[in-house]
Amino acid sequence: MSPSTPAREPITGVATATTPRDGRTGGAPVWSVPSAIVESLAPRGLHFGVPAGAPWVNCAELTTQAGVAESLARVTAANPGASAEVAASYLANWYSAAVVGPAIASYVLLRRVPDLTPAQVALSVPDSGWFDRTALYRPVATALANDPLAAGLAPARPGLAPAPGLGAIPGLGAPPTLAGATGQLGAAGAPTAPPGGGIRVVETATELRAVLVEEILAHLDPFLRHLRSMVRLGRPALWGAAAAQCARAFLLTERATGDPMTGRDEADAFFALAAPTMLARPRWQEFVHRGRTYIGMRRGSCCLAHRLDAEYCTTCPFTGDADREQRMRTWIDTQGEGGLAV
């Protein structure tokens, strides 16, 4: 655990879609965020649809040079004594987590990938600089051919065998009913597309995973490039921060699946595709605590938190395996029932 990864807070319920700025739904069904996704992402919040008003900021603005500079200034002001490099490391971790968390949770738990084009995503930006909520304008942009939302749509690459998927997960509920098999999205306020253009359909889990990698890398690249131009941190450090947040998002899906191996295996397959762009990927650290198997990780690059408060996080690559494991055991015990090592 480190300042780059927020502590878990009590989950109060299922987040719901936001209302469009004009207040009209146009008859489209309103999507609620499935409870399993809420559980996986806590304490961060998630909205499906276009949010209204402050403190929401569209990621097309946040990923510009000016947007990155403003975010870096907020983080620096909120962390007195932090060097430019520490503030940039915090920002790389926080921004990455806000973007990749919902996408990875949706992929693992729902077998769906949202549209991560910066213009189709917004983040809540409080004065502290912490991105505490994410809004996905198009929560389902790519789905498997056997997904109910893909009914009537032709696969992008036909002729491949359908993927078995992960099966039913308690608490997800049924998908919303769409008006016709046009591929239009049902999230309130989300942009609609021409018939057949709203959802990209793929046949296999391998293809869906490739889309996830493509969406994440394309979104994060301009943000991290601008950030790198402002501080003395190299590509391995910045992409290592992104990789750590991807790994953490995969492991946190255990909250919904109850299986510590599913997220880890999915992460391994993800990182195999994300290389070499996503440098310095984490390594796993498996151990048994109070009779239960846990999977933690050793980051591929340091988050630099120790430079500010002299405290090493539970995933620090500069600590020994035994010390890191003990820190993870302590962190698990502070979370209560259902606590994880990340």
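Quick caveat, the model's predicted, so the values are computed rather than measured.

1. Details of helix α5 (residues 205–228)
Over its 24 residues, α5 runs 33 Å from end to end, which matches the ideal 34 Å to within 8%, given 1.5 Å per residue. Largest kink in α5: about 35°, centred on D221, with the proline P222 one to four residues after it. Counting buried residues along α5, 17 of its 24 residues qualify, which places the element largely inside the surrounding structure.

2. Let's talk about the sheet that holds strand β4 (residues 121–124)
Judged by pairing direction, the sheet is mixed, and its 4 strands sit side by side in the order β1-β5-β4-β2 without closing on themselves. The open sheet terminates on both sides in strands that have one partner only, identified here as β1 (45–48) and β2 (56–58). The average angle at which neighbouring strand axes cross in this sheet is 25°, direction not considered. Where β1 and strand β5 (residues 133–136) come together, 4 bridges link them in parallel fashion. Across the sheet, the residue bridging to L46 is T134, located in β5. Packing of helix α4 (residues 84–110) onto the sheet brings it into contact with β1, β4 and β5, and relative to β5 it is tilted by some 45°.

3. Here we look at the nonpolar core
I216, F270 and M278 are the most contacted members of the largest nonpolar core, which has 76 residues in total. Not counting the four nearest positions on each side in its chain, I216 is found in contact with V100, I104, L116, C246, F270 and M278. Ranked by size, the runner-up nonpolar core spans 6 residues in total, among them A143, L149, I199 and V201.

4. A few points about the packing of α5 against helix α6 (residues 235–252)
In the contact formed by α5 and α6, the axes pass within 10 Å of each other and the chain directions differ by 140°. The orientation of α5 with respect to α6, classified from their angle, is oblique. Of the two elements, α5 crosses α6, and the hand of that crossing is right-handed. Between α5 and α6, the contacting residues are L212, I216, L217, L220, D221, L224, L227 and R228 on the first element and R235, L238, W239, A242, C246 and F250 on the second. For the contact of α5 with α6, the per-class residue count stands at 11 nonpolar, no polar and 3 charged.

5. Observations concerning helix α10 (residues 321–335)
The end-to-end C-alpha distance of α10, which contains 15 residues, comes to 21 Å, matching closely the 21 Å that a straight helix rising 1.5 Å per residue would cover. Within the sequence span of α10, burial applies to R324, M328, R329, W331, I332 and Q335. End-on, the buried residues of α10 take up no more than an arc of 165°, which puts them together on one face. For α10, the exposed residues lying more than 90 degrees away from the buried face are A322 and T334. Here the buried face of α10 lies against β8 (283–289) and β9 (292–298). Directly after α10, the chain includes G336, whose backbone phi takes a positive value near 75°.

6. Some remarks on the environment of R299
Along the chain, the position of R299 falls in the loop between β9 and α9 (306–309). Among the residues examined, R299 registers a relative accessible area of 2% and is labelled buried. Sequence-wise, R299 and A247 are 52 residues apart; in three dimensions their C-alpha atoms are separated by 9.1 Å. Side chain to side chain, R299 and N93 meet in a polar contact 3.1 Å long.

7. Remarks on the environment of L109
Tracing the sequence through the fold places L109 in helix α4. A residue is classified by how much of its surface remains accessible, and L109, at 4% relative accessible area, is buried.

Each value, and the rule that gives it
Residues numbered from 1 in each chain as written. Predicted model: local features only at pLDDT ≥ 70, side-chain atom pairs only at ≥ 80, totals over all residues. Heavy atoms only, no water. Helix = DSSP H or I, 4+ residues; strand = E, 2+ residues; numbered from the N terminus. Expected span 1.5 Å × (residues − 1). Bend = angle between axes of the 7 residues up to and from the residue. Buried < 20%, exposed > 50% of the residue type's maximum accessible area, 1.4 Å probe, protein only. Pairing = 2+ DSSP bridges. Axes fitted to C-alpha atoms, helices over the stretch in contact; angles between N-to-C directions. Contact = heavy atoms within 4.5 Å. Core = buried A, V, L, I, M, F, W, Y, C linked by side-chain atoms within 4.5 Å. Parallel < 35°, antiparallel > 145°, perpendicular 65-115°, else oblique. Left-handed = near helix turned anticlockwise from the far one by under 90°. Nonpolar A, V, L, I, M, F, W, Y, C, P; charged D, E, K, R; others polar. Arc of directions from axis to C-beta. Polar contact = N/O pair within 3.5 Å; in protein donor to acceptor, adjacent residues only side chain to side chain.

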